[in-house]
Amino acid sequence: MVEVKDKSKSFKEIINKIGLPTMIIGTFWIALLIMGGALGISMSTLMSDTLKRAGMNGILVLAMVPSIQSGTGPNFALPIGIVCGLFAIVLSIEFGFMGASWLFVSIALAIVFATILGYLYGKLLNAVKGSEMTIATYTGFSISAFMCLAWLMIPFTSTKMGWFMGNGLRETIQLDAVEGAQILSNFWRFAIGGENGLITVGGTKGLIIPTGMILIFLLCCALVWLYFRSKSGIAISAGGINPRFAQASGIEINRNRVKANILSTVLGAVGIIVYSQGYGYAQLYNAPLMMAFPAVAAVLIGGATASRAKVSHVIIGTIIFQGLLTTALPVANQLFEGTDLSEILRMVIQNGIILYALTQVKGGDK
Amino acid sequence: MNNISTGERLSNKKDTSWIADNIVTLIFVAFTLFGFLVSDGVTVNYFLTELSSRFFRNAFLVLSLIIPVVAGLGLNFGIVVGAMAGQVAIAIVRYFELGGYSGMALTFLLALPIAALFGYFTGALYNKTRGQEMIASLIVGFFANGIYQFLFLFVVGVIIKVPDTHPMIKPDGVGIRTTVDLVKVEEGGLKYALDSIMEIPFMWAVLVVAAAILALQIIRLARKKNTAVFTKNKKMMTILNSVICLVIIAISIFAIATDSGLMKVRKVPVVIGIFIIGLCVFNELILRTKLGQDFRSVGQSQHIAQVSGINVDRTRIIATIMSTVLAAWGQIMYLQNMGTLNTYGAHTQIGMFSVAALLVGGASTQKANIRHAILGTLLFNSMFIMSPEIGLSLFGNALLGEYFRTFMVYGVIGLALGLHVWRTNKKAKESLE
């Protein structure tokens, strides 16, 4: 009897350690993988796609960590960073940069824009303490709607981006035209288990590893991880955990919240550049509008809460969430032909997990 | 207006100017006037026709937001869930071809339990996400949309077998079509089932409404003449309102008598009008009952309400259920006027637009009344009509107006919410110091 008791206790401990959402979604993903295997879907394709999509989304998810740690909640205003990144991409194309220089100019410009807007956004969040999440959502919505006007009105001249007739930019800009499509993904790309030998450099069969993209994601993760071990980063976390105590210890909370949100916005801007190159297209207009929600969901699936997040949550959450979505599409198509179940699954899981996290937020008086 | 405590009323006088209070409303008035100035394509007739049909479609939905605000739940973006309930009821009635006037009544009846159930769940969720209701209500709309699509795209056809020859079902027998024709009411459908019962010319409706408001103002003036609450400012407003009513009455009588161009504005549906007025009266009356008092006390302080023996959680759930059911009915009225059910799109924007309309009318997360809802619906829809015209005449691009419209919707919600929180925080800081 005693043994059984101990076992159940340790089981509970394991669940607590991993986190309930991570367990459920992770188990679901594994079940889908097994089902996919039974249906004869190529595992290496599934895994390659999972890696590709995780690499594309990773930095956007990482952007959640600074804002959550600083106590402003998940960055629902991620579209601010995203439009900064997109604007940088567009400007870099307009200036006529190609290939690697296009990428570097885009990232440099994106960081500049995101720092400015992130600063203003942080100031805004300090003015609306207590309702950050709602206001952030609408700030994000407003700025993407505002940029719809900008894409249409700013007189860009590059023929690679405009409509064939009339003014304004196209809804999707092909990055092939500036040799920017998959520029990071193809960097040092190799395939495991391709046709000739175990590892094929630049191979397109078997399990494809987009080395460049994974490296830049891990680099960003390492930078954020290191930053939150520096004095400045620890001060931010302290302010997030207990604002009053931090204030009493002489930490300037408002300044730290602004700093954290600048970092978050910059990560969002860099993230969309990595995303766009992986996808091969830069999506303008309404594309950034809803992009914050999958990123928030991913970090929550990884085990974060609305008030605590770690870099490990980002890595785990991104892989599980993107893996699940990648696997669900072919499996659902095999099982029920002609239904768009994976999109429905995404909506239910993504918003369900955000709602679950909101129920865990302590707040409101009663 | 009624639910401001005395303390708040006193402090309001001191430090907030009228312009800061009504900045969002003023922006919209200025925008619409500007639209009239720059665009020459819009005739008064076209504008009024569009405005009246949009008003009758949307007013009920906007009014359904008031109760949750009074009960302290903030702006209920979750009326999307109610709208879905309404659409489920319509789909059922349409599938079994139970149209006509009785079918319409059945739709309303069917929507009631479905929406009440959804409202109960949403309300329970709001109780779990106390303090974050607004973002929760937004997300719950997205979440419910997933379930709704699962139901209509997958369950119908795969789990519930349906004949693929049915006009509502997609040709492959799985899922409901993207657009479903609701069929005219004479042919046994739901289209115009409420509108077609009785329609009167626009100017007659204006005349009746203006006369009714005038009568109301006079009664108020006579009854509250000597009470202390009836301040000088309010008296001025009442007299001003009466004068405006008189002018409108004069214009409408003139238009009817001379049969001028204004008589060509599309006729208005009386039944919907009665429903809207009915809901206004309902909203006013419920605040005078015990339940309405509970709403207000919970809205002001959950803690004090709890201590004074009110079941806070239950009251909040009731408020959510009411709002959800009313939204379901509002959506049914909206769709019978549209004539087609846009199965996967009709409900998605409802929450956002209705909230924006209410905020444009001058409401905030803690204060909303009928005046805000009606004024807001009129102003918000004016902006909607004018935006493409302004885009076209200023920049030669109607698409620009469309994007501008979306920007205004999100911007207004963000601005109004942000200003409110900012001012509340500032006030709290001042009182601390």
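Being a predicted model, the structure only gives us computed values, none of them experimental.

> Sorry if this is basic, but what is going on with the overall build of chain B here?
The helix and strand inventory of chain B stands at 17 helices and 4 strands. Over its C-alpha atoms chain B spans a radius of gyration of 23 Å, differing by no more than 12% from the 22 Å that the globule rule assigns to 433 residues. Reported as C-alpha extents along the three principal axes, the dimensions of chain B are approximately 70 × 65 × 45 Å. Put simply, of all contacts in chain B between residues at least 6 apart along the chain, 77% involve residues at least 24 apart.

> Please clarify how the confidence of the model for chain B should be interpreted in this entry.
Segments scoring low in pLDDT should not have their predicted coordinates read at a detailed level. Looking at chain B, pLDDT values average 84 and 93% of them are 70 or higher. Scored as a complex, the prediction yields pTM 0.87 and ipTM 0.86.

> Just to check I follow, could you spell out the pattern of salt bridges for this structure?
Any two side chains of opposite charge can pair if their charged atoms end up close together. All names here are of chain B. Scanning the model with the defined rule gives 9 salt bridges over all chains in all. A salt bridge links Glu133 to Arg316; the shortest N-O distance between them is 2.7 Å. Highlighted residues: Glu133 in helix H8 (residues 133–159) and Arg316 in helix H14 (residues 312–338), separated in sequence by 183 residues. There is no split in this pair, since Glu133 and Arg316 are both buried. For the salt bridge of Lys290 with Asp294, the shortest nitrogen-to-oxygen distance reads 2.8 Å. With Lys290 and Asp294 both in helix H12 (residues 290–300) and 4 residues apart, this pair spans about one turn of that helix.

> What is the right way to look at a nonpolar patch on the surface in this model?
Residue and element names in this part refer to chain B. Residues Trp18, Ile19, Ile23, Leu26, Ile27 and Leu415 make up a contiguous nonpolar surface patch of about 550 Å² in total accessible area. Elements that contribute at least two residues to the nonpolar patch include exactly helix H2 (18–21) and helix H3 (23–38). No other element matches H3, which puts 3 residues into the nonpolar patch.

> What is the right way to read the interface of chain B and chain A from this model?
Often, the extent of an interface is quoted as the loss of accessible area upon association of its parts. Contacts between the two partners involve 46 residues from chain B and, on the opposite side, 41 residues from chain A. Both faces considered, chain B and chain A share a buried interface measuring about 3,900 Å² in area, 77% of it formed by carbon and sulfur atoms. Here chain B and chain A share 0 salt bridges between them. Between chain B and chain A we count 3 residue pairs in polar contact (both at pLDDT 80 or more) in total. A class-by-class count of the residues in the side of chain B that touches chain A yields 28 nonpolar, 15 polar and 3 charged.

> Explain the environment of Gly81 of chain A to me, please; I cannot follow it from the model alone.
Residues and elements named next belong to chain A. Counting through the fold element by element, Gly81 comes out in helix H5 (residues 78–94). Judged by relative accessible area, Gly81 falls into the buried class, the value being 2%. Taking the C-alpha atoms as reference, Gly81 lies 9.2 Å from Leu60; in sequence the two are 21 residues apart. Discounting chain neighbours no more than four positions away, the residues touching Gly81 are Thr265, Gly268 and Ala269.

> Help me out: how do you make sense of the packing of aromatic side chains in this one?
Describing an aromatic ring pair means giving the distance of the ring centres and the angle of the ring planes. Overall, the coordinates contain 28 aromatic pairs over all chains when judged by the stated rule. Consider the rings of Tyr138 of chain A and Phe77 of chain B, whose centres lie 5.6 Å apart with planes at 20°: the pair is stacked. On the criterion of chain membership, the pair formed by Tyr138 of chain A in helix H7 (residues 132–153) and Phe77 of chain B in the loop between helix H5 (66–70) and helix H6 (79–95) is interchain, its members lying in two chains. Take Phe77 of chain B: its relative accessible area is 2%, and that puts it in the buried class.

> Would you mind showing me how to read unusual backbone geometry here?
Peptide bonds are trans in most cases, and residues, glycine excluded, mostly fall at negative phi. Unlike most non-glycine residues, Tyr285 of chain A shows phi in positive territory, near 55°. Among the secondary structure elements, Tyr285 of chain A is positioned in the loop between strand S5 (281–283) and helix H12 (292–301). Positive phi outside glycine occurs at Glu97 of chain B, with the angle close to 50°. Among the secondary structure elements, Glu97 of chain B is positioned in the loop between H6 and helix H7 (100–128).

> Just checking my understanding: could you explain the packing of helix H6 (residues 99–127) of chain A against helix H11 (residues 253–279) of chain A for this structure?
The relative placement of two packed helices comes down to the angle between their axes together with the axis-to-axis distance. At their nearest, the axes of H6 of chain A and H11 of chain A sit 7 Å apart, and the two run at 145° to each other. As for the relative orientation of H6 of chain A and H11 of chain A, their crossing is right-handed in sense.

> How do you make sense of helix H16 (residues 370–395) of chain B when you look at a structure like this?
An α-helical turn contains 3.6 residues, so a residue and the one three or four places further along point in the same direction. Residues and elements named next belong to chain B. Look at H16: 37 Å from first C-alpha to last across 26 residues, which is about the 38 Å you get at 1.5 Å a residue. Maximum bend of H16: about 35°, positioned at Met386, with proline Pro388 one to four residues after it. Here H16 starts with a cap whose side-chain oxygen sits 3.2 Å from the backbone nitrogen of Arg371, and that cap is Asn369. Downstream of H16 by a residue or two, Gly396 has a phi angle that is positive, lying close to 65°.

Procedures and definitions
- Think of each chain on its own: its residues are numbered from 1, step by step along the sequence as written.
- Both sets of labels track the order of writing: A upward for chains, 1 upward for ligands.
- Only residues with pLDDT of at least 70 are given local features in this predicted model, and only at 80 or more are side-chain atom pairs given and counted; all residues enter the totals for whole chains, interfaces and linings.
- By convention in this description, side-chain values take in all heavy atoms of the structure and omit both hydrogens and water.
- Only DSSP runs of H or I reaching four residues or more are called helices, and only runs of E reaching two or more are called strands; each is numbered from the N terminus.
- Here the radius of gyration uses the C-alpha set of atoms, whereas the globule reference equals 2.2 Å times the residue count to the power 0.38.
- Only heavy atoms matter for contacts: two residues are in contact if any of them lie within 4.5 Å across the pair.
- Confidence of the predictor at the level of single residues is captured by pLDDT, which takes values from 0 to 100.
- Each salt bridge in this description consists of a side-chain nitrogen of Lys or Arg and a carboxyl oxygen of Asp or Glu lying within 4 Å of one another.
- Note on exposure labels: buried denotes an accessible area under 20% of the residue type's maximum, exposed denotes more than 50%, and partly exposed covers the range between, all computed with a 1.4 Å probe on protein chains only.
- To count toward a patch, a residue needs a relative accessible area over 30% and no salt bridge; like charges are then connected within 9 Å, while nonpolar side chains (Val, Leu, Ile, Met, Phe, Trp, Tyr) are connected within 5 Å.
- Per-residue accessibility takes into account occlusion by the displayed protein chains alone, with areas from the Shrake-Rupley method and a 1.4 Å probe.
- Once two parts are brought into contact, the accessible area they lose, counted with a 1.4 Å probe and summed over both, makes up the buried area.
- Counting of polar contacts relies on pairs of N or O atoms within 3.5 Å, with two restrictions inside protein: one atom must be capable of donating a hydrogen and the other of accepting it, and residues adjacent in sequence are counted only when both atoms are side-chain atoms.
- Each residue is assigned to one of three groups, with Ala, Val, Leu, Ile, Met, Phe, Trp, Tyr, Cys and Pro labelled nonpolar, Asp, Glu, Lys and Arg labelled charged, and all others, Gly among them, labelled polar.
- We call Phe, Tyr and Trp rings a pair once their centres come within 6.5 Å, taking the six-membered ring for Trp, and we label the pair stacked below 30 degrees between planes, edge-to-face above 60, and tilted otherwise.
- Every axis in this analysis is a line fitted to C-alpha atoms, fitted for helices over the stretch in contact. Angles between the N-to-C directions lie between 0 and 180 degrees.
- Handedness of a crossing follows from how the near helix is turned relative to the far one, being left-handed for an anticlockwise turn of less than a right angle and right-handed for a clockwise one.
- How far a helix is expected to stretch is found by multiplying one less than its residue total by 1.5 Å.
- Bend is computed residue by residue as the angle between axes fitted to the seven residues ending at the residue and the seven residues starting at it.

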